[in-house]
Amino acid sequence: MIRFVTSNRGKFVEAQSLIEDLVQADLGYTEIQADTLEEVVLFGMRELSSRLDSAFIIEDAGLFIEALNGFPGVYSAYVQRTIGNSGILKLMEGIENRAASFRSVVGFSAPGMEPVLFKGELHGRIGFEERGTGGFGYDPIFEVDGRTLAEMELEEKNMISHRGRSMKALKRWLESR
Ligand code: IMP
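So, here's what we can say about the structure. Remember, it's a predicted structure, so these values are computed and weren't measured experimentally.

1. Points about the packing of aromatic side chains
Summed over all chains, the structure comprises four aromatic pairs. Between the aromatic rings of Phe4 and Phe12, the centroid separation amounts to 6.3 Å while the plane-to-plane angle is 45°, which identifies the pairing as tilted. Here Phe4 matches Phe12 in class, with each residue buried. Ring pairs connect the aromatic residues Phe108, Phe118 and Trp173, which therefore count as one cluster. We note Arg98 situated over the ring of Phe128; from NZ or CZ to the ring centre the distance is 3.9 Å. Between Arg103 and the ring centre of Phe64, over which it is positioned, the NZ or CZ distance is 4.0 Å.

This is how it looks when you write it as structure tokens:
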């Protein structure tokens, strides 16, 4: 059994459909404001290591929009909470370059060992309107081959997504230990 420390049910469901051994732990931890997802994850893992006495993972993700020089990036949660998808669409008005990517960094920690990080990335485009009802967060405005992630079933999103990739890398590593 591995705890996935997150308050985000959508993330947990995606991860658990790939790694059955996961259980959600909604414990809360400090998410520092840093320049990279890796720093956020490493800080969170250090804090949680002193509180948990068994194996756990945490994950940090972000949306990086090329024409906005990588914004919202590490500020993705704050931007989603404040201006949301409609705010991003407004910021992108009149911008032709719609290229964007999602990145995911997942960290695994167990007592007596150094934390290990796994990464995943998904390239796509910011659409012109929100479409679809699946997924969460930025999914309705993030398109891959003309369809948004919110228009895909969970299995299909998992096959291509940043989180699907980082979780599958973790799974391979767990199986090879
Ligand atoms: P965090 O990893 O929880 O800090 O996520 C940062 C922000 O990106 C949150 O607002 C999430 O809702 C959003 N986000 C993270 N992963 C995804 C995803 O797979 N699709 C859409 N939005 C996401």
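Now that the structure has been shown, the text picks up again.
2. Comments concerning the environment of Gly135
Tracing the chain through its elements places Gly135 in the loop between β5 (116-126) and β6 (142-144). Through-space distance from the C-alpha of Gly135 to that of Val13 is 9.9 Å; in sequence the pair is 122 residues apart.

3. Structural notes on the site of the ligand
If you check the shell around the ligand, you find 15 residues, and the closest are Lys11, Ala61, Asp139, Lys157 and Arg163. The separation between an oxygen atom of the ligand and a polar main-chain atom of Ala61 is 2.7 Å. In this structure, Lys157 approaches the ligand through a side-chain N or O atom, which is 2.9 Å from an oxygen atom. When residues of the shell around the ligand are traced back to their parent elements, those giving at least two are β3 (56-65), α3 (76-82) and α6 (162-176). Counting residues per element, the shell around the ligand draws most heavily on α3, at three residues. For the shell around the ligand, the per-class residue count stands at five nonpolar, four polar and six charged.

4. What about the sheet that holds β3?
The strand order across the open sheet formed by seven strands is β2-β1-β3-β4-β5-β6-β7, and the pairing between neighbours is mixed. Only two strands of the sheet have a single partner each, and these edge strands are β2 (22-25) and β7 (147-148). In this sheet, β6 lies alongside β5 in antiparallel orientation, the contact comprising two bridges. Paired with Ile126 across the strands is Phe142, a residue of β6. Across the sheet, helix α1 (residues 9-16) lies against β1 (2-5), β2 and β3, angled at about 170° from β2, the strand it touches most. The sheet strands contacting α6 are β1, β3, β4 (99-109) and β5, and the helix crosses β5 at an angle near 155°.

5. A look at the pattern of salt bridges
Summed over all chains, the structure comprises 12 salt bridges. One salt bridge in this structure joins Glu38 and Lys119, with 3.2 Å as the shortest N-O distance. Here Glu38, found in helix α2 (residues 37-49), pairs with Lys119, found in strand β5; they are 81 residues apart in sequence, far enough to count as distant. Look at Glu38 and you get partly exposed, because its relative accessible area is 23%. Since its relative accessible area comes to 53%, Lys119 is described here as exposed. Between Glu121 and Arg103 there is a salt bridge, with its nearest N and O atoms 3.5 Å apart. With Glu121 in strand β5 and Arg103 in strand β4, this pair connects stretches of sequence that are 18 residues apart. For Arg103, a relative accessible area of 35% gives the class partly exposed. Members of the salt-bridge network, linked through shared partners, are Lys11, Glu14, Glu59, Asp139, Lys157 and Arg163.

The rules behind each value
- Residues numbered from 1 in each chain as written.
- Predicted model: local features only at pLDDT ≥ 70, side-chain atom pairs only at ≥ 80, totals over all residues.
- Heavy atoms only, no water.
- Phe/Tyr/Trp six-rings, centres within 6.5 Å; stacked < 30°, edge-to-face > 60°.
- Buried < 20%, exposed > 50% of the residue type's maximum accessible area, 1.4 Å probe, protein only.
- Lys NZ or Arg CZ within 6 Å of the ring centre and 35° of its normal.
- Helix = DSSP H or I, 4+ residues; strand = E, 2+ residues; numbered from the N terminus.
- Near = heavy atom within 4 Å.
- Polar contact = N/O pair within 3.5 Å; in protein donor to acceptor, adjacent residues only side chain to side chain.
- Nonpolar A, V, L, I, M, F, W, Y, C, P; charged D, E, K, R; others polar.
- Pairing = 2+ DSSP bridges.
- Contact = heavy atoms within 4.5 Å.
- Axes fitted to C-alpha atoms, helices over the stretch in contact; angles between N-to-C directions.
- Salt bridge = Lys/Arg side-chain N within 4 Å of Asp/Glu carboxyl O.

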